[in-house]
Amino acid sequence: MQKPRVTGQRESIFSNEVVSRFELYNSLFLTLPFYKIKDTGTLLPLFIKHCEDGVKNHQAPTEIINTFFDKYTQVGGSKDVIDLLFRFIQYIERQVVLFDAVEDASFSKLNVDDDQHPLRLMLKKSEFNPELHAKIEELIKDFSLRLVLTAHPTQFYPGTVLSIITDLTSAIKINDIVTINQLLQQLGKTPFFNKKSPTPIDEALSLAWFLENVFYFAAANIQSEVDNDLKEFDILSRKVVELGFWPGGDRDGNPNVHAQDTLQVSKMLRQILFRCYYRDFRKLKRRITFRGVEETVLKVQEVLYKNAFDINVVPENISAFLIENLNLIKTTLIESHDGLFADLVDDLLRKVELFGSHFASLDIRQDSSVLRETHAYCRQSKPIVSLFPENYDELTEDEKISQLSFKSAKLSYTGEPNALITDTLETIGKVKEIQGSNGELACHRFIISNTQQASDILQLIELFLWNGWDESQLTVDFVPLFETVNDLKGAAEIMERLYAHPFYRKHLESRGNKQDIMLGFSDSTKDGGYLMANWSIFNAKVGLTAISAKHNIQLAFFDGRGGPPSRGGGKTHRFYASMGKEIANKHIQLTIQGQTISSQYGSIASAGFNIGQLINAGISSSIKEQHNILLDPFHKDVLDVMAKDSFDSFVALRKHPLFLTYLERFSPLSLLSKITISSRPVKRSSGEKLRLEDLRAISFVTSWGQLKQNIPGFYGVGTALKNQEANGNWDAIVKTYQQSGYFKTIIDNCMMSMSKSDFSITAHFAKDPVYGDFWKMLYNEYETAKEMLLKLAGHTALMQNYPVEKRSIAVREKIVLPLVLIQHYALEKMQHELSELELQSYEKLAIRTVYGIVNAGRNSA
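Residues numbered from 1 in each chain as written. Predicted model: local features only at pLDDT ≥ 70, side-chain atom pairs only at ≥ 80, totals over all residues. Heavy atoms only, no water.

A. Representation of the pairing of strand β8 (residues 554-560) within the structure. Of all seven residues in β8, six are buried, a share of seventy percent or more. In terms of strand pairing, strand β7 (residues 514-520) meets β8 through seven bridges, oriented parallel. Bridging from a neighbouring strand, leucine 519 pairs with aspartate 559 of β8. Note that β8 and strand β9 (residues 587-592) share three bridges and pair parallel. From the neighbouring strand, aspartate 559 faces β9, where its bridge partner is leucine 590. (Buried < 20%, exposed > 50% of the residue type's maximum accessible area, 1.4 Å probe, protein only. Helix = DSSP H or I, 4+ residues; strand = E, 2+ residues; numbered from the N terminus. Pairing = 2+ DSSP bridges.)

Rendered as structure tokens:
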């Protein structure tokens, strides 16, 4: 296939392969007969056009919807209006799915990149460059990519719908009209959502669909490419791709996750993996029908079958057994049968080496406040009660650390612990059990959210030593998570204290002198705004890299990234490609959440492409080892001032008396807790009154996204740029933008956020007697940001340098525009005197619109 080398070719492909096909299949979809949806397909195009015209004329949603019903329908009462609007929503939800499938079907044609194989290009260059060859060989020893699937509640498609999307994508690729027609009918009759909230086990099972159907193949394919490239140039390959998993292990702010859930999820992952192995081995057995391998084949098949299907099997890590026997089969094929089908054995071997007996590493995460409380509870127990003074909690940090003895002990607990303490203690025991059954990699990291001091880590180590673990066999990595702007500033000092602590240093030595540190993008943005969050994380990484190098610690940053730019998403690989030698970048670790999982990793092709981009970004950055110019005083001083100006602007907005009430009044924020998509509460505290500090970053960002204002993704950036221009520093800013790939990515992602904003939808707010001036303030900052960003980039339109992505966003926003207006309509109705039944109806209407809006955004939450 000819590679689309220029933008124009990609645009042409998108128009022909995506837009035209969507219009064709959508016209077919609108004519299909669905249960209780008579005439809806005829009215929907009229409704969409009416909504577009109304928004252009700055009409309020209530006026737009009322005039539509007056003009085009005979519908009278509110019940019938709500009923038809629900049917519109059902159709639009499925239009989003259809567009997803059409776009996914064209993925390979749209995403062929000449720069997709920098490793191979570098290897070719190294043929006559021994120094480069040695450098690549050394890098491969250390390099890795870990993708961690999280259960954050922005992935709305259940497994049944994901399967339909997969099949629909395949049918669209070959224009199989009959199958497409049938699948569209199936889609119309398939429920999209559960009637009750999922349990943590349900969430784990939902995400495991991607492990089984996508990552199992995509990760192996990528590893195979790396293996083959390195083998050709006589470099020993190693495991490059790793998978992590949070559902069932992440209990931070989620009291519904219990130790037994963690154990059950680990068993589930193991069983799913062995079913994948068994499926592959059955195919392998059909080919290997030769003499000399019969006994080994039967032995492996029996073991795989028991571990895949026998619920009474005693689980243990049998990856070494599988590797040994698969190698025996391979050796026989090579020595006695000319290597026939040895490649099939290699494929399964590669998967066992990648996934072991665990599939994905199950991370444990809990907030530092809960761990402190647990430590305090344990301190009251014999025989350690005498080791701590009664005023321990009032001691300084140095004094606390001096009191820690790190002695293993069997405690005799006194008093009844609360549920969170009980869970913490039980989970510490389950980690050992999981490692025993699935291998050490199955569960070896404990992440401490909201880490504020070194003792948060050291006290947790004591909890392990008091609950069944021995210092000599403490096969656990303790991962601090720094989230707020202030915590990021103090991160290097905390790690310096840990690295200098004798016991912790000894523990690190037992773990290969490796330290993972997690940085949170979502909470830092909610705390300080988009620009300050990105700049704070950049500076934290520089400081932490220097401290770790000073102590000869091999550092890996684990980035807690969400879908949208305001939560660390966007063109993520470009960040890793532009880190510079001052930031540890040989071990790339990041969370993938919400629609990012289905949109970027929803198929084997898209997952392979995006995994490849991240690996290539890390490898090219590490090989080049270029200095990051943002650390030069000329550029750093500019960014320091801009981040501060942006921070001040964002914090002033947060402190505005109408900030939270505006969000509650005009977005579905207060209704998100009623959406049955997650086991996790919307806010951390259980109190009735909503406080900004308790609000989860996901809910915060999602609510602004529903409003089509995306404030966390740009607010304050325009002001910061305007101030620089006013101070005569514009040329310096332009120079920084042109020379720094990192800063350019920050700006490009900001423009992506703004491309998904549409203030014309809420233009009627300007006349609101209470919120009018507040809306104008938001709108003015948007216009300022747009003006300054376009000037900085030298563009005439947002995302001008990404025309295909821009077009995709435009089509999606057009599809869901009616949902946004229906949501505002329902929220407005809820402000009036209503009967309990009417209030529930409008609540359900508003809630139902959330799903389609988020799904259409693909990385909007």
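B. How the structure looks around the packing of helix α18 (residues 454-465) against helix α20 (residues 491-500). Between α18 and α20, the least distance of the axes is 8 Å, while the angle of their chain directions is 40 degrees. With respect to each other, α18 and α20 are oriented oblique. On the side of α18, the interface is formed by Ala454, Ile457 and Leu458, while α20 contributes Ile494, Arg497 and Leu498. (Axes fitted to C-alpha atoms, helices over the stretch in contact; angles between N-to-C directions. Parallel < 35°, antiparallel > 145°, perpendicular 65-115°, else oblique. Contact = heavy atoms within 4.5 Å.)

C. Quick look at the pairing of strand β6 (residues 477-482). For β6, the tally of buried residues reaches six of six residues, placing the bulk of the element in the interior. Residue alternation in β6 divides its side chains into two sets, Asp477, Val479 and Leu481 and Phe478, Pro480 and Phe482, and both sets are buried. As paired elements, strand β5 (residues 445-449) and β6 share four bridges and run parallel to each other. When the bridges of β6 are listed, isoleucine 448 appears paired with proline 480. As defined by bridge partners, β6 adjoins β7 across two bridges and the pair is classed as parallel. The partner of phenylalanine 482 across the bridge, within β7, is leucine 519.

D. Focus on the packing of aromatic side chains. Under the definition given, this model contains 45 aromatic pairs. When the centroid spacing of 4.2 Å and the interplanar angle of 5 degrees are considered together, the rings of phenylalanine 406 and phenylalanine 503 count as stacked. A residue pair is termed long-range when its members are at least 10 positions apart, and phenylalanine 406 in the loop between α16 (397-403) and α17 (419-438) and phenylalanine 503 in helix α21 (residues 502-510) qualify at 97 residues. Using a relative accessible area of 8% as the deciding quantity, one classes phenylalanine 406 as buried. Look at phenylalanine 503 and you get buried, because its relative accessible area is 12%. Members of the aromatic cluster, connected to one another through ring pairs, are Phe659, Tyr662, Phe666, Phe700, Trp704, Phe765, Tyr771 and Phe774. Taking NZ or CZ as reference, lysine 432 lies 5.1 Å from the ring centre of tryptophan 469, over its face. In this structure, lysine 735 packs its charged tip against the face of phenylalanine 634, placed 4.9 Å from the ring centre. (Phe/Tyr/Trp six-rings, centres within 6.5 Å; stacked < 30°, edge-to-face > 60°. Lys NZ or Arg CZ within 6 Å of the ring centre and 35° of its normal.)

E. View of the environment of isoleucine 65. The residue isoleucine 65 is located in helix α3 (residues 61-72) in this model. Taking the C-alpha atoms as reference points, isoleucine 65 and histidine 133, 68 residues apart in sequence, are found 66 Å from one another.

F. Quick peek at helix α27 (residues 633-654). Taking 1.5 Å of rise per residue, the 22 residues of α27 would be expected to cover 32 Å, and the 31 Å separating its terminal C-alpha atoms lies within 8% of that figure. Looking at α27, one finds that the buried residues are His635, Val638, Leu639, Met642, Ala643, Asp645, Ser646, Ser649, Phe650, Val651 and Leu653. (Expected span 1.5 Å × (residues − 1).)

G. The state of the cysteines, seen in detail. Under the counting rule described, the total for this entry stands at zero disulfides. Cysteine cysteine 443 is unpaired, with the sulfur of cysteine 378 as its nearest cysteine sulfur at 19 Å. Residue cysteine 443 is classed as buried on the basis of its relative accessible area of 1%. (Disulfide = S-S within 2.5 Å.)

H. Spatial organisation of the sheet that holds β5. Ordered by their spatial adjacency, nine strands build an open sheet running β3-β2-β1-β9-β8-β7-β6-β5-β4, and the pairing between neighbours is parallel. Each edge of the open sheet is held by one strand with a lone partner, namely β3 (361-362) and β4 (364-367). On the sheet, helix α22 (residues 521-528) packs against β7 and β8 and is oriented at approximately 40 degrees with respect to β7. Strand contacts of helix α26 (residues 604-624): β1 (144-149), β2 (241-245) and β9, with the helix running at about 140 degrees to β1, the strand carrying the most contacts.

I. Just the packing of helix α15 (residues 368-379) against α18, in detail. Close contact between α15 and α18 brings their axes to 10 Å; oriented N to C, the two are set at 50 degrees. Put simply, α15 runs oblique to α18. Between α15 and α18 lies a crossing whose hand is left-handed. For the pair formed by α15 and α18, the contact residues are Ser368, Leu371, Arg372, Thr374, His375 and Cys378 on the first element and Asp456, Gln459, Leu460, Glu462 and Leu463 on the second. Of the residues belonging to the contact of α15 with α18, the class tally is four nonpolar, four polar and three charged. (Left-handed = near helix turned anticlockwise from the far one by under 90°. Nonpolar A, V, L, I, M, F, W, Y, C, P; charged D, E, K, R; others polar.)

J. Summary view of the pattern of salt bridges. Counting across every chain of the model gives 41 salt bridges. A salt bridge links arginine 21 to glutamate 17, with the nearest nitrogen and oxygen atoms 3.0 Å apart. Of the two residues, arginine 21 and glutamate 17 are both situated in helix α1 (residues 7-30); the distance of four residues between them amounts to about one turn of the helix. Given the relative accessible area of 10%, arginine 21 is considered buried. (Salt bridge = Lys/Arg side-chain N within 4 Å of Asp/Glu carboxyl O.)

K. The nonpolar core, seen in detail. Core analysis: the largest hydrophobic core is formed by 270 residues, its most contacted members being Phe215 and Phe478. The element that contributes the greatest number of residues to this core is helix α10 (residues 200-232), accounting for 16 residues. In this view, phenylalanine 478 contacts Phe446, Ile448, Ile457, Leu460, Ile461, Phe464, Tyr504, His507, Gln515 and Asp516; residues no more than four positions away in its chain are not counted. Counting seven residues, the second-largest nonpolar core is a separate cluster that includes Trp246, Ile447, Leu481 and Phe558. (Core = buried A, V, L, I, M, F, W, Y, C linked by side-chain atoms within 4.5 Å.)

L. Structural view of unusual backbone geometry. Following lysine 382, the chain continues to proline 383 via a peptide bond in cis, the omega torsion being 5 degrees. Within the secondary structure, proline 383 is located in the loop between α15 and α16. For phenylalanine 406, which is not glycine, the phi dihedral falls at a positive 55 degrees. Phi is positive for asparagine 450, close to 60 degrees, though the residue is something other than glycine. By the element assignment, asparagine 450 lies in the loop between β5 and α18.

M. Representation of a positive patch on the surface within the structure. A surface patch of like charges, here positive, comprises Arg282, Lys285, Arg286 and Arg287. Position of arginine 286 among the secondary structure elements: in helix α11 (residues 259-287). The exposure class assigned to arginine 286 is exposed, which follows from its relative accessible area of 63%. (Patch = residues over 30% accessible without salt bridge, like charges linked within 9 Å, V, L, I, M, F, W, Y side chains within 5 Å. Areas by Shrake-Rupley, 256 points an atom, 1.4 Å probe, with all protein chains shown as cover. Lys, Arg positive; Asp, Glu negative; His and termini not counted. Charge placed at Lys NZ, Arg CZ, Asp CG, Glu CD.)

N. Quick peek at the environment of leucine 344. Tracing the sequence through the fold places leucine 344 in helix α14 (residues 342-355). Through-space distance from the C-alpha of leucine 344 to that of leucine 304 is 17 Å; in sequence the pair is 40 residues apart. Setting aside chain neighbours within four positions, we find leucine 344 in contact with Leu284 and Arg287.

O. Molecular detail of the side chain of serine 381. In this fold, serine 381 is placed in the loop between α15 and α16. Residue class for serine 381 comes out buried when judged on its relative accessible area of 0%.

P. How the structure looks around α3. Given a rise of 1.5 Å per residue, 12 residues ought to cover 16 Å, and the 16 Å separating the end C-alpha atoms of α3 matches this to within 8%. Residues of α3 that are buried include every one of Pro61, Ile64, Ile65, Phe68 and Phe69, and no others. End-on, the buried residues of α3 take up no more than an arc of 125 degrees, which puts them together on one face. Counted as exposed and oriented over 90 degrees from the buried face of α3: Asp70 and Lys71. Where α3 is buried, its residues meet α2 (40-56), α4 (78-105) and α34 (803-829). (Arc of directions from axis to C-beta.)

Q. Representation of the confidence of the model for the chain. Averaged over every residue, the pLDDT of the chain is 90; residues scoring 70 or more account for 93%. Between residues 1-5, whose pLDDT stays under 50, and residues either more than four places distant or in other chains, the model counts 12 contacts. (pLDDT = per-residue confidence, 0-100.)

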